[in-house]
Protein chains: 2
Amino acid sequence: MKRYGMVIGIDKERLNEYKTYHSEIWPEVAEALKKANIRNYSIYYKDGLLFSYYEYIGTDFENDMRIMDENETVKKWQEIMNTVQQPLKTRKEGEWWSEMDEIFHLE
Amino acid sequence: MKRYGMVIGIDKERLNEYKTYHSEIWPEVAEALKKANIRNYSIYYKDGLLFSYYEYIGTDFENDMRIMDENETVKKWQEIMNTVQQPLKTRKEGEWWSEMDEIFHLE
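Residues numbered from 1 in each chain as written. Chains lettered and ligands numbered in written order. Predicted model: local features only at pLDDT ≥ 70, side-chain atom pairs only at ≥ 80, totals over all residues. Heavy atoms only, no water.

A. Focus on the overall build of chain A. Scanning chain A from terminus to terminus reveals four helices and six strands. Start at the N end of chain A and walk to the C end: the helices and strands fall as β-α-α-β-β-α-α-β-β-β. Over its C-alpha atoms chain A spans a radius of gyration of 14 Å, differing by no more than 12% from the 13 Å that the globule rule assigns to 107 residues. Reported as C-alpha extents along the three principal axes, the dimensions of chain A are approximately 40 × 35 × 30 Å. Per-residue burial for chain A yields a buried fraction of 50% across its 107 residues. Of all intrachain contacts in chain A linking residues separated by at least 6 positions in sequence, the fraction that spans at least 24 positions is 71%. Counting every atom, chain A has about 5800 Å² of accessible surface; 47% of that belongs to carbon and sulfur. Each charge class in chain A can be summarised by its mean position, and for the 15 positive and 21 negative side chains these summaries are 3 Å apart. (Helix = DSSP H or I, 4+ residues; strand = E, 2+ residues; numbered from the N terminus. Rg over C-alpha atoms; globule rule 2.2 N^0.38 Å. Buried < 20%, exposed > 50% of the residue type's maximum accessible area, 1.4 Å probe, protein only. Contact = heavy atoms within 4.5 Å. Areas by Shrake-Rupley, 256 points an atom, 1.4 Å probe, with all protein chains shown as cover. Lys, Arg positive; Asp, Glu negative; His and termini not counted. Charge placed at Lys NZ, Arg CZ, Asp CG, Glu CD.)

Structural data, given as structure tokens:
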């Protein structure tokens, strides 16, 4: 299992809209996340930033993400979220959410 | 079980020092966290911010935190970390790390 911590900005004026979407996540999106071996997935908000934490239980992360991103419903969902999210200027090439560095873990 | 997401700033010039401390956490501090019913505790870094995620499996969070904070070794540890961490100006009264709002969770 590998843990991921990610961060991205959000248009504060659309936070409530973003919350509403996530309180009623489309079933096919939730199912695609499960199929992509994502577990224990949380998103937190503070001061214009979204922080996400999840655990990946599969063996080929890139491939699982590719399959998920090719799902038409997931694409529609992401298109909406992309208009609300504001990627950090410091993100690495190819990133949308920025992967953070894990500097501590205690079971 | 209750999940917590927290955020705080850090003196970037002392990030390596902070990392080193956390790669060799004092055994008594780790033990105190366990006794306080904290599990699956991760800290991430990006752009001058520390994000932490942990799961609380006890039944009296305030009391468990109080007992942990009264531990002399934990106090010494926190005194050092407090000189490296930079609390957000937007933190709530009584906070050091700022608690974030959970806006999504998927098992």
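B. The arrangement of the interface of chain A and chain B in detail. Each side of the interface is counted separately: chain A has 38 residues, and chain B has 39 residues. Of the roughly 3500 Å² buried between chain A and chain B on both sides combined, carbon and sulfur atoms contribute 63%. Summed over the three residues of chain A that lose the most area to chain B, namely Tyr44(A), Ile103(A) and Phe104(A), the buried surface amounts to 23% of that side. At the boundary of chain A and chain B, one finds 26 residue pairs in polar contact (both at pLDDT 80 or more). (Buried area = accessible area lost by both parts, 1.4 Å probe. Polar contact = N/O pair within 3.5 Å; in protein donor to acceptor, adjacent residues only side chain to side chain.)

C. Quick look at the relation of the copies chain A and chain B. Rotating chain A by 180° and moving it 0.0 Å along the rotation axis overlays it on chain B with an RMSD of 0.0 Å. Given the turn and translation reported, the copies of this chain are related as if by a two-fold rotation axis. With an isologous cut-off of 70% or more, the 100% of interface residues of chain A that recur at the interface of chain B puts this contact in the isologous class. (Least-squares fit on C-alpha atoms with pLDDT ≥ 70 in both.)

D. Fine view of the packing of aromatic side chains. Counting across every chain of the model gives 18 aromatic pairs over all chains. Residues Tyr41(A) and Phe104(B) carry aromatic rings whose centres are separated by 5.3 Å and whose planes lie at 85° to one another, so their mutual orientation is edge-to-face. Residue Tyr41(A) is found in strand β2 (residues 38-46), and its partner Phe104(B) is found in strand β6 (residues 101-106); the two belong to separate chains. A residue is classified by how much of its surface remains accessible, and Tyr41(A), at 13% relative accessible area, is buried. (Phe/Tyr/Trp six-rings, centres within 6.5 Å; stacked < 30°, edge-to-face > 60°.)

E. Region of the structure containing unusual backbone geometry. The phi dihedral of Asn37(A) is positive, around 70°, even though this residue is not glycine. Among the secondary structure elements, Asn37(A) is positioned in the loop between α2 (27-35) and β2.

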